[in-house]
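In case you want the letters, here they are:
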Amino acid sequence: MEKLGLGPEILLKENSGLIYARLSGYGQTGFYKSKAGHDINYVAMSGILSALSNQGAPPSPPVNLIADFAGGSFMCALGILLALYERTKSGKGQIVDASMTEGAAYLATWLYKSRKLPVWSGEPGTNALDGGLPSYATYETKDGKFMAVGALEPQFYNNFLIALQLSEDDCPQVGNKEHSKNILQNIFLTKTQEEWCQVFDNADACVTPVVEMDKVDEHELHASRKTFYRDCENGIVPEPAPRLSATPGVSTGRQPMPQFGQHTVEILKELGYDKNEIEHLIQKGYVYALEKSRL
């Protein structure tokens, strides 16, 4: 943008109320400001990736959710909202420097603060919330699917054992964790996922199926709340969240993706260009417009 003469310092002189958002991997200053990277690099540099492992296995990147979407896009949007709110009081705009690495680290503040707590003090894969506890893990079922167990609190673990017809002596929650986990692994392999769902439907034990993405909209939870919809190509798409009572979000995904150049003319008209100016821009190759959307 600076090369085009449209950097934030120049534009803020023209409009002091402008909010200028800059989203990058490592931030606008510092040692890595010009260094290329991807989500895996940003999560690695944030310190989070070192915790996403399982008892000595190499760290495993969680697709591109943590840095690209959460630490990057989400935190950048939050920064814009904060700047908008501040502008209602001061009338002044500002620059939002959104680093995907820093955003990911900030989202993981709780992990950093809990390193000395029992819940997160062991090696990756051995802690209460990363699969180390038998009562907080996933288990394969007879049909090759999985169940998610989150029976952390005593009352939930007690209900969990009752549903499995086990006692605390048979399967202690703490103590010999490997023993308990082996017992649970063998038990869950005796029934299909659907059969286990029926077992736990009426048991308040924090046990749910691991729902597959290509069938998630069929589950009764999501069907009852209309959490997902099918787009024009029959793909599953989540509805906007969170739900606002007065101004609910409306998804645009029900329409086909726009083609390259489909809205060029429409946008230029909105910007105040007349027919001759638009034709000139198209003919000179400065902009591209689909033939069917031409003037």
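The structure under discussion appears in the preceding block.
Numbering of residues starts from 1 in every chain and runs along the sequence as written. Totals for whole chains, interfaces and linings use all residues, but because this is a predicted model, local features are given only for residues with pLDDT of at least 70 and pairs of side-chain atoms are given and counted only at 80 or more. Based on all heavy atoms of the structure, the side-chain values leave hydrogens and waters out of the count.

Draft legend 1. A look at the pattern of salt bridges. Salt-bridge detection follows one rule: a side-chain nitrogen of Lys or Arg within 4 Å of a carboxyl oxygen of Asp or Glu. Enumeration according to the criterion identifies two salt bridges in this entry. A salt bridge links Glu2 to Arg22, with the nearest nitrogen and oxygen atoms 2.7 Å apart. On the criterion of sequence distance, the pair formed by Glu2 in the segment before helix H1 (8-14) and Arg22 in strand S1 (residues 19-24) is long-range, its members being 20 residues apart. We note a salt bridge from Asp217 to Arg230, for which the minimum N-O separation is 2.9 Å. Put simply, DSSP marks the helices as runs of H or I at least four residues long and the strands as runs of E at least two long, and each gets a number from the N terminus on.

Draft legend 2. Fine view of a nonpolar patch on the surface. On the surface, Phe74, Leu78, Leu81, Leu82, Leu84 and Leu107 cluster together into a nonpolar patch covering about 560 Å² of accessible area. At five residues, the largest contribution of residues to the nonpolar patch is made by helix H3 (residues 65-90). Counting through the fold element by element, Leu81 comes out in helix H3. On the basis of relative accessible area, Leu81 is assigned to the exposed category, the value being 54%. What goes into a patch is any residue over 30% in relative accessible area without a salt bridge, connected to like charges within 9 Å or, for nonpolar side chains (Val, Leu, Ile, Met, Phe, Trp, Tyr), within 5 Å. All accessible areas in this document rest on Shrake-Rupley with a 1.4 Å probe, and a residue is counted as covered only by the protein chains that are shown. Think of it in three bands: residues with accessible area under 20% of the maximum for their type are buried, residues over 50% are exposed, and the middle band is partly exposed, with areas taken using a 1.4 Å probe on protein chains only.

Draft legend 3. Examining the packing of aromatic side chains more closely. Note on ring pairs: Phe, Tyr and Trp rings are taken, using the six-membered ring of Trp, and paired if centres are within 6.5 Å. Classes follow the plane angle, with under 30 degrees stacked, over 60 edge-to-face and the rest tilted. Applying the stated criterion to the full structure yields eleven aromatic pairs. Ring centres of Tyr157 and Phe160 lie 5.8 Å apart, and the angle between their planes is 40°; on these two criteria the pair is classed as tilted. On the criterion of helical spacing, the pair formed by Tyr157 and Phe160 is a turn pair, its members being three residues apart in helix H6 (residues 154-164). The same class applies to Tyr157 and to Phe160, which are both buried. Centre to centre, the rings of Phe160 and Phe188 are 6.4 Å apart; their planes meet at 20°, and the pair counts as stacked. Of the two residues, Phe160 sits in helix H6 while Phe188 sits in helix H7 (residues 177-188), which places them 28 residues apart along the sequence. Each member of the pair, Phe160 together with Phe188, is buried.

Draft legend 4. Expanded view of the packing of H6 against helix H8 (residues 193-200). As a packed pair, H6 and H8 sit with axes 10 Å apart at the nearest point and diverge in direction by 120°. Taken together, the axes of H6 and H8 are oblique relative to one another. Our pair here, H6 against H8, has a crossing hand that is right-handed. From H6, Phe160, Ala163 and Leu164 reach across to H8, where they touch Trp196, Val199 and Phe200. We call Asp, Glu, Lys and Arg charged. Ala, Val, Leu, Ile, Met, Phe, Trp, Tyr, Cys and Pro are nonpolar, and the rest, Gly among them, are polar. The residue inventory of the contact of H6 with H8, partitioned by class, reads six nonpolar, no polar and no charged. Geometry is summarised by axes, namely lines fitted to C-alpha atoms with helices restricted to the contacting stretch, and by angles between N-to-C directions that run from 0 to 180 degrees. Should an angle lie under 35 degrees it is considered roughly parallel, over 145 roughly antiparallel, and from 65 to 115 roughly perpendicular; all remaining angles are considered oblique. Put simply, a crossing is left-handed when the front helix is turned counterclockwise from the back one by less than a right angle, and right-handed when it is turned clockwise. In this analysis, two residues are considered to be in contact whenever any of their non-hydrogen atoms come within 4.5 Å of each other.

Read these as spatial facts, not as claims about activity.
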